[in-house]
Amino acid sequence: MQLRSIKTVFWLVAVLVIASLILIACGAAATATPTKAPAAAPTTPPAPAAQPTAVPAAAGPSGKMTMVIGNEPASFDVGLKDDGNLRPIANQVYERLIALDNSAKMIPELAEKWELQSDPTKWRFTLRKGVKFHDGEDFNADDVVFSVKRAIDPNFKSEWLGNWETIKDAVKVDDFTVDIVTAAPDPVLLNRMLVFWMMPDKWTKAAGDKVHSEANGTGPYKLTSWARGQKIMMTSNAAWWGGEKNLAFKDLEVQFREEPAVRLGMVKAGEAQFARNIPPDLAKEAPKTTTIAPFEVAFVRINEKFCDVLKDVKVRQALNHAIDRKGLADKLFLGLAALPQGQLFSKGIPGFNNSITDYPYDVAKAKALVKEAGAEGKSIEFVMPSGRWTKDKELFETAAAMMSESGVKVVPKVVEWSKWLDALYAIGAAGKEKEAPCLQGSYHSNEMMIPDRTYTNLVYSKGRMSGISDPDLDKQIEALRTEMDAAKRAKGYEDLGKMTHDRARFSIPLVSPNLTQAISKNIDWPWNPADEVFVKYVKKTS
């Protein structure tokens, strides 16, 4: 097993955060923190745009690669769904203006360069020419403007909307130039664009509800069929701007198997070349593995808004004290999991508070707190998925049993993936709020690599996944979005982390397991530090 630690990369990102406002696409840091507005035109011409690393394959793509993941996505609408089962598939079909390479450096994708204008609320993106969608339509500024306006429209109800809270508009300058306009200067606008896929204007409008089952992107693979409940089929895009000849495989198949042993068995039997989220006790049986150090944090979302028993801080603290995190890490993940220090994002992200420690495991204290709160015997529902993440069902069921030791009866409920997603976002959906469970098991990733993804989604009162409503916290979150001083911004997030942790607000962090994928012997797969799946980087070894 090859362990690729990303901590060093994240610290590099943190240092580069204080780069100047003039960011050109080639070589831009993963987080940009302007200190002053530059002139409208830079004095030094931008360097040529870097191309994504190509996979050498002299004869062009051939054969079929099969990926197997835990669950089927609910929809193919990348502007609407924040779905972890969609991203490994969507990344092959749709593309963004900016992407992260395998060293967590920002690289051009559909934008060749970007730069802040003299107005610090306006970023100008110069688009790549000669790019076509899979239906043959040219990609241009109209598609960018459409994609942005559609996604930020509150009536559209995108599950990503909280991540784009600062974006006010997209304005076409010419066919290959677009200005992204923010409501106020946004020091991390570029990070927000890392989760913004571009969709075609004409096709999307004409497709209607078909956008949930069909796709039309600019990426290296195009969707050919989706047999619901069985598989998704794709084939290489002969018109891909990155060069079809640079792809290793002609066809790409995605299958869905909830049980990790079944996913691994398919790789061992030669039925698949890639299986996602393999637990450590099984990974040793894989022909090859690729692993990155802890990036996602498993946690339990707390619903204070509509679950009366959880409005009491003593009950929330009791549930935290009831969790034996080291026991979870050792027994379920063979020690290959980090303890989260009471936070949901990684140490390398500016804003991580190193002084925070996890609530100590103390069942006696948990029982005493529950008794003081008068919550003994009260029952709360705990909704959880199965198969999306490594040992998710086992982890959350074990956590439920631990929390029940506090005197509160925690009732686990395993649901299929689409119902789990509905429950997750019900809490922020008008008219559906009370359908959200008291507790919900999830994992938190941070592909944007900024604390605002965490706090806007899970803490901010208007957040699509937020189980709390606190005007004072809202004011802090809003102020930090536009804080241009990197050090002050990081300190503000550290303070926010301590405030929410001390009163056990919004989540119960559990563990942060290593992420391991099983791969066949005949391929090399350079794993992305943000746990993103890009088949275009796969190389055949035999």
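Preceding this paragraph is the structure being described.
*Asks:* So what exactly am I meant to see when it comes to the sheet that holds strand β6 (residues 122–127) here?
*Replies:* Across a sheet, paired strands are connected by hydrogen bonds in the backbone, their directions being either parallel or antiparallel. An order of β5-β6-β8-β7 is seen for the four strands of this open sheet, with the pairing classed as antiparallel. Edge positions in the sheet fall to β5 (111–116) and β7 (167–174), since each has one partner strand and no second. Direction aside, neighbouring strands of the sheet carry axes that sit 20 degrees apart on average. The sheet contact formed by β5 and β6 spans five bridges and is antiparallel.

*Asks:* Whenever I open this one, the environment of I427 confuses me. Can you help?
*Replies:* Structurally, the position occupied by I427 is in the loop between α12 (417–426) and β18 (439–444). The exposure class of I427 is buried, given its relative accessible area of 2%. Separated by 35 residues in the primary sequence, I427 and K462 place their C-alpha atoms 9.8 Å from one another. Those residues in contact with I427 that lie beyond four places of it in its chain are R301, N303, K305, F306, E433, A436, R464, M465, S466 and G467.

*Asks:* Any chance you could explain the state of the cysteines here in plain terms?
*Replies:* A covalent bond between the sulfur atoms of two cysteines is what we call a disulfide. Tallied over the full model, the rule gives one disulfide. Between the sulfur of C307 and that of C438 lies a disulfide, 2.0 Å long from S to S. Taking the sign of the S-S torsion, 90 degrees for the link of C307 and C438, the bridge is right-handed. Of this pair, C307 sits in the loop between β14 (297–302) and α8 (313–321) while C438 sits in the loop between α12 and β18, placing them 131 residues apart in sequence. The pair formed by C307 and C438 is uniform in burial state, with each residue classed as buried.

*Asks:* Teacher, can you tell me more about the pairing of β18 here?
*Replies:* Successive side chains on a regular strand alternate, one facing one side of the sheet and the next facing the other. Counting buried residues along β18, six of its six residues qualify, which places the element largely inside the surrounding structure. With burial as the criterion, each face of β18 is covered, one bearing L439, G441 and Y443 and the other bearing Q440, S442 and H444. Relative to β18, β14 runs antiparallel, the two sharing six bridges. Across the sheet, the residue bridging to A298 is Y443, located in β18.

What counts, and at which threshold
- Residues numbered from 1 in each chain as written.
- Predicted model: local features only at pLDDT ≥ 70, side-chain atom pairs only at ≥ 80, totals over all residues.
- Heavy atoms only, no water.
- Pairing = 2+ DSSP bridges.
- Helix = DSSP H or I, 4+ residues; strand = E, 2+ residues; numbered from the N terminus.
- Axes fitted to C-alpha atoms, helices over the stretch in contact; angles between N-to-C directions.
- Buried < 20%, exposed > 50% of the residue type's maximum accessible area, 1.4 Å probe, protein only.
- Contact = heavy atoms within 4.5 Å.
- Disulfide = S-S within 2.5 Å.

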